[in-house]
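These are the residues of each chain, in order.
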Amino acid sequence: MDRQLLSNILTQMKKHLKAGKEIGDMKVGALLALGHQLEAIFYYLGHELGTILKVKQINDVTEIPNELQKIITEFNIGKVEISESTNEIVQLKLRDHSSIKDLINRGIRTEGSFCSFEAGLLAGIVEKISNVHCFAQEISCSLQTGNNYCEFMIVFQNE
Ligand SMILES: [Zn+2]
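Since the model is a prediction, treat every value here as computed from it, not as a measurement. (Residues numbered from 1 in each chain as written. Predicted model: local features only at pLDDT ≥ 70, side-chain atom pairs only at ≥ 80, totals over all residues. Heavy atoms only, no water.)

Q: I tried to follow the pattern of salt bridges on my own but got confused; where do I start?
A: Pairing between side chains of opposite charge can happen when their charged atoms approach one another. Tallying each qualifying case throughout the model produces three salt bridges. For Glu67, the salt bridge is made with Lys70, and the minimal N-O distance between the two is 3.3 Å. With Glu67 and Lys70 both in helix α4 (residues 64-74) and three residues apart, the pair spans about one turn of that helix. Accessibility expressed as a relative area gives 5% for Glu67, which makes it buried. Taking the relative accessible area as the measure of exposure, Lys70 reaches 48% and is therefore partly exposed. In this structure, Glu81 engages Arg95 in a salt bridge whose closest nitrogen and oxygen atoms are separated by 3.6 Å. Of the two residues, Glu81 is situated in strand β1 (residues 79-85) and Arg95 in strand β2 (residues 89-95); the sequence distance between them amounts to 14 residues. (Salt bridge = Lys/Arg side-chain N within 4 Å of Asp/Glu carboxyl O. Helix = DSSP H or I, 4+ residues; strand = E, 2+ residues; numbered from the N terminus. Buried < 20%, exposed > 50% of the residue type's maximum accessible area, 1.4 Å probe, protein only.)

Q: Is there a simple way to explain the environment of Asn158 in this structure?
A: The residue Asn158 is located in the segment after β4 (150-156) in this model. Distance from Asn158 to Ile72, taken between C-alpha atoms, is 24 Å for residues 86 residues apart in sequence. Discounting chain neighbours no more than four positions away, the residues touching Asn158 are Asn87 and Val132. (Contact = heavy atoms within 4.5 Å.)

Q: What exactly am I supposed to notice about the domain arrangement of the chain here?
A: Put simply, an interface is often sized by how much accessible area is lost when its parts join up. Taken as a whole, the chain is organised into domain 1 (1-35) and domain 2 (36-156). Computed from C-alpha coordinates alone, the two centres of domain 1 and domain 2 are separated by 24 Å. Of the residues lining the interface, seven residues belong to domain 1; the matching set on domain 2 comes to eight residues. Across the contact surface, domain 1 and domain 2 share zero salt bridges. On inspection of domain 1 and its partner domain 2, the count reaches zero residue pairs in polar contact (both at pLDDT 80 or more). With three residues, the single largest contributor to the side of domain 1 that touches domain 2 is helix α1 (residues 3-19). (Domains from an automatic or database assignment. Polar contact = N/O pair within 3.5 Å; in protein donor to acceptor, adjacent residues only side chain to side chain.)

Q: Sorry, what's going on with the packing of helix α3 (residues 37-52) against helix α5 (residues 116-130) here?
A: A packed helix pair is summarised by two numbers, namely the angle formed by the two axes and the spacing between the axes. Where α3 contacts α5, the two axes come as close as 6 Å, and the packing angle between them is 35°. Here the hand of the crossing between α3 and α5 comes out right-handed. Where α3 approaches α5, its residues Glu39, Phe42, Tyr43, Leu45, Gly46, His47, Leu49, Gly50 and Thr51 are matched on the opposing element by Ser116, Phe117, Ala119, Gly120, Leu121, Ala123, Gly124, Ile125, Glu127 and Lys128. Partitioning the contact of α3 with α5 into residue classes produces nine nonpolar, seven polar and three charged. (Axes fitted to C-alpha atoms, helices over the stretch in contact; angles between N-to-C directions. Left-handed = near helix turned anticlockwise from the far one by under 90°. Nonpolar A, V, L, I, M, F, W, Y, C, P; charged D, E, K, R; others polar.)

Q: In this structure, what is going on with a nonpolar patch on the surface? I would like to understand it.
A: A surface patch of nonpolar side chains, about 400 Å² in accessible area, is lined by Leu38, Ile41, Phe42 and Leu45. Structurally, Ile41 can be placed in helix α3. (Patch = residues over 30% accessible without salt bridge, like charges linked within 9 Å, V, L, I, M, F, W, Y side chains within 5 Å. Areas by Shrake-Rupley, 256 points an atom, 1.4 Å probe, with all protein chains shown as cover.)

Shown next, in the form of structure tokens:
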């Protein structure tokens, strides 16, 4: 799924709706951006779950990594290491999460991103913490790289 493209198309759709213009072709574009259906569904599920977790809402972006770390630990989502945090993105490494737990170190390899459930979950959680709409993408998956972690990037949708 091309999250950035989807996000751009959704922003365009919003503008068109506001202006009373057609959005028909954009729906098709958004569908293509969604890509694999199962991946999109897993992302959706993770996102829904993330938004019902009880989190502390935070106004200062510099405190987001701490709160995120706390939630990930509290709900046993995995072992997290936050590698970058700005007012635009949060980037992190996640180990021992549910999507790969039973698959890693068994010679199973995937092409591309696999952990879209966790991507959605992280987006949902950060969205709840920051009260800013977010999207997240797995930028490297352990089942693809052979590393013992998957790497995610969460992007704040400021506009
Ligand atoms: Zn992964």
